[in-house]
Amino acid sequence: MTKLQDQVVFITGPARGIGEALARGLAARGARLALVGREPERLAALARELGPRHVWFDCDVTSQEQVTRAVDETVRALGGIDVVVANAGIASHGTIAVTPMDALARVIDVNVTGVIRTVHATLQHVTARRGYFLLIASAAAFAPQPGLSTYAASKAAVEQFGNALRLEVLRDGAAVGVAHPCWIDTDLVRDTRHDLPTFDITLSRLPGPFGSVTSVETCTAALIDAIERRRRKIYIPRTLAPFAILRHLFFMSRLADLMIGKPARKSLGRIEREVAANGRVFGEHSVETKGDAG
């Protein structure tokens, strides 16, 4: 088991949600953090709360210049990087038909290209220390849901990128984990519930763990355990694991089209009307509502 005391963790998207909770949990175990993302006031406040052993950087993960600068300054301030948590991500609301193309593309740019930029910029530092990459994908990577097309596509891409990266860094003694959280009680999920009343109706119809919301504390504990044990696959909640194994037998089948698609046909029009009424395609607390990312 890897001891987190004095390990340098470079974490993207720590201003809110999973990233913020994970940062607190890692700091409590003695890790030194580079908090990398948007919403500088929240990042600065978090860094002050955690103490002088940590640094923060205002950084849009879709900008290679900004990511590289954050990496270079982290190495200068903290001496290197042992762990990277590629957590920054966004999700738009609504179907492809009612979501502007720019918003659809933005989800891919942040969730996929942002992860790749983060890994590329930190790779030499992590491999030099035989470190660990933790990429935050999602249960959406293997369980498609209408209204989450680009989000699901982005998380599937993160999963496969992580699977290939794992093989590439084996020679260096580094390791890669891919996490698949389902619905976690964060601003992202709470915003969706607030903006789309249909969401809770949809949730009640989903099977097993796909129909439940997990606390951010449970999610954080699983991610910290993954970092300490350098796990390769993390499912949150754990009951997702069998569905991951069976995904190609079920979620890519005609049966899934019937079980998920048929009820969705009744709710899609309602979802589209709710999105139109809100006048936005990202949640209230998403930095995308301010034109930012990460």
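Treat the numbers as computed from the prediction; the structure is a model and nothing was measured.

**Comments concerning the overall build of the protein chain**
Check the secondary structure of the protein chain and you find 10 helices and 9 strands. Sequence separation of at least 24 residues holds for 71% of the intrachain contacts in the protein chain that already meet a minimum separation of 6. With the model as given, the accessible surface of the protein chain reaches about 13,000 Å², and the carbon-plus-sulfur share is 55%.

**Some details on the packing of aromatic side chains**
The full count for this structure, using the stated rule, is 3 aromatic pairs. With a centroid separation of 6.4 Å and an interplanar angle of 70°, the aromatic rings of Phe142 and Tyr235 are classed as edge-to-face. Taken together, the positions of Phe142 in the loop between β5 (132–136) and α5 (149–169) and Tyr235 in strand β9 (residues 233–236) put the pair 93 residues apart, joining distant regions of the chain. Note on accessibility: Phe142 and Tyr235 belong to one class, buried. With 5.1 Å between their ring centres and 85° between their planes, Phe210 and Phe243 make a pair best called edge-to-face.

**With respect to the packing of helix α3 (residues 64–78) against helix α4 (residues 101–128)**
It is at 9 Å that the axes of α3 and α4 come closest, and there the two elements cross at 30°. Judged by the inter-axis angle, α3 sits roughly parallel to α4. When the axes of α3 and α4 are compared, the crossing they make is right-handed. Between α3, through Gln64, Val67, Thr68, Val71 and Val75, and α4, the contact on the second element is made entirely by Arg117, Thr118, Ala121, Thr122 and His125. A class-by-class count of the residues in the contact of α3 with α4 yields 4 nonpolar, 5 polar and 1 charged.

**Some remarks on helix α1 (residues 17–28)**
Compared with an ideal rise of 1.5 Å per residue, which puts 12 residues at 16 Å, α1 spans 17 Å between its outermost C-alpha atoms and is within 8% of the ideal. Counting buried positions along α1 gives 9 out of 12 residues, so the element sits mostly inside the fold. Those residues of α1 that fall on the buried side of the exposure criterion are Ile18, Gly19, Glu20, Ala21, Leu22, Ala23, Gly25, Leu26 and Ala27. Among the residues trailing α1, Gly30 stands out with phi positive, at a value near 95°.

**Let's talk about the pattern of salt bridges**
In total, this model carries 14 salt bridges according to the counting rule given. For Asp58, the salt bridge goes to Arg38, with nearest N and O atoms at 2.5 Å. Note that Asp58 is positioned in strand β3 (residues 55–58) and Arg38 in the loop between β2 (32–37) and α2 (40–50), a separation of 20 residues in sequence. Given the relative accessible area of 33%, Asp58 is considered partly exposed. With a relative accessible area of 17%, Arg38 lands in the buried category. In this structure, the salt-bridge partner of Glu159 is Lys233, at a minimum N-O distance of 3.5 Å. Taken together, the positions of Glu159 in helix α5 and Lys233 in strand β9 put the pair 74 residues apart, joining distant regions of the chain.

**Concerning the pairing of β5**
In terms of burial, β5 is a largely internal element, 5 of the 5 residues being buried. Residues Tyr132, Leu134 and Ile136 line one face of β5 and the alternating positions Phe133 and Leu135 line the opposite face, and both faces are buried. Across 4 bridges, the pairing between strand β4 (residues 83–86) and β5 is parallel. Bridge assignment links Ala86 to a residue of β5, and that residue is Leu135. Handedness of the β4-α4-β5 crossover: right-handed. In this structure, β5 lies alongside strand β6 (residues 175–181), joined through 5 bridges in parallel fashion.

**Observations regarding α5**
Along its 21 residues, α5 runs 30 Å from first to last C-alpha, staying within 8% of the 30 Å computed at 1.5 Å per residue. Along α5, the residues that are buried comprise Thr150, Tyr151, Ala152, Ser154, Lys155, Val158, Glu159, Gly162, Asn163, Leu165, Arg166 and Val169.

**Structural notes on the sheet that holds β9**
In spatial order, the strands read β3-β2-β1-β4-β5-β6-β9; together these 7 strands make up an open sheet with parallel pairing. Two strands in the sheet have a free side with no partner beyond their single neighbour: β3 and β9. Put simply, the sheet's adjacent strands are angled 15° from each other on average, direction ignored. Packed onto the sheet, α5 meets β5, β6 and β9 and runs at close to 160° relative to β6.

What counts, and where the lines are drawn
- Chains are numbered independently. Their residues run from 1 in the order of the written sequence.
- Only residues with pLDDT of at least 70 get local features here, since the model is predicted, and only at 80 or more are side-chain atom pairs given and counted; chain-wide, interface and lining totals rely on the full set of residues.
- As a convention, hydrogens and water are excluded, and side-chain values are obtained from all of the structure's heavy atoms.
- Counting from the N terminus, the helices are DSSP H or I runs at least four residues long and the strands are E runs at least two residues long.
- Residue contacts are counted whenever heavy atoms from the two residues lie within 4.5 Å of one another.
- In this description, accessible areas are obtained by the Shrake-Rupley approach with a 1.4 Å probe, and a residue is regarded as covered only by the protein chains that are shown.
- Any Phe, Tyr or Trp ring, taking Trp's six-membered ring, that has another such ring centre within 6.5 Å forms a pair; planes under 30 degrees apart are called stacked, those over 60 apart edge-to-face, and the others tilted.
- Burial classes: relative accessible area under 20% of the type maximum marks a residue as buried, over 50% as exposed, and values in between as partly exposed (1.4 Å probe, protein chains only).
- Fitted lines through C-alpha atoms serve as axes, helices being fitted only where they are in contact, and the angles separating the N-to-C directions of these axes extend from 0 to 180 degrees.
- Each angle receives one of four descriptions, namely roughly parallel if under 35 degrees, roughly antiparallel if over 145, roughly perpendicular if within 65 to 115, and oblique otherwise.
- For any pair of crossing helices, the crossing counts as left-handed if the nearer helix is rotated counterclockwise from the farther one by less than a right angle, and right-handed if it is rotated clockwise.
- Only Asp, Glu, Lys and Arg are considered charged, only Ala, Val, Leu, Ile, Met, Phe, Trp, Tyr, Cys and Pro nonpolar, and every remaining residue, Gly among them, polar.
- Helix span, expected: 1.5 Å multiplied by one less than the number of residues in the helix.
- Here, a salt bridge means any side-chain nitrogen of Lys or Arg that lies within 4 Å of a carboxyl oxygen of Asp or Glu.
- Pairs of strands are assigned from DSSP output, requiring at least two bridges between the strands.
- Seen with its strands pointing away from the viewer, a crossover is right-handed if its path from the first strand over the helix to the second goes clockwise.

Spatial relationships are all this shows, so hold off on functional conclusions.
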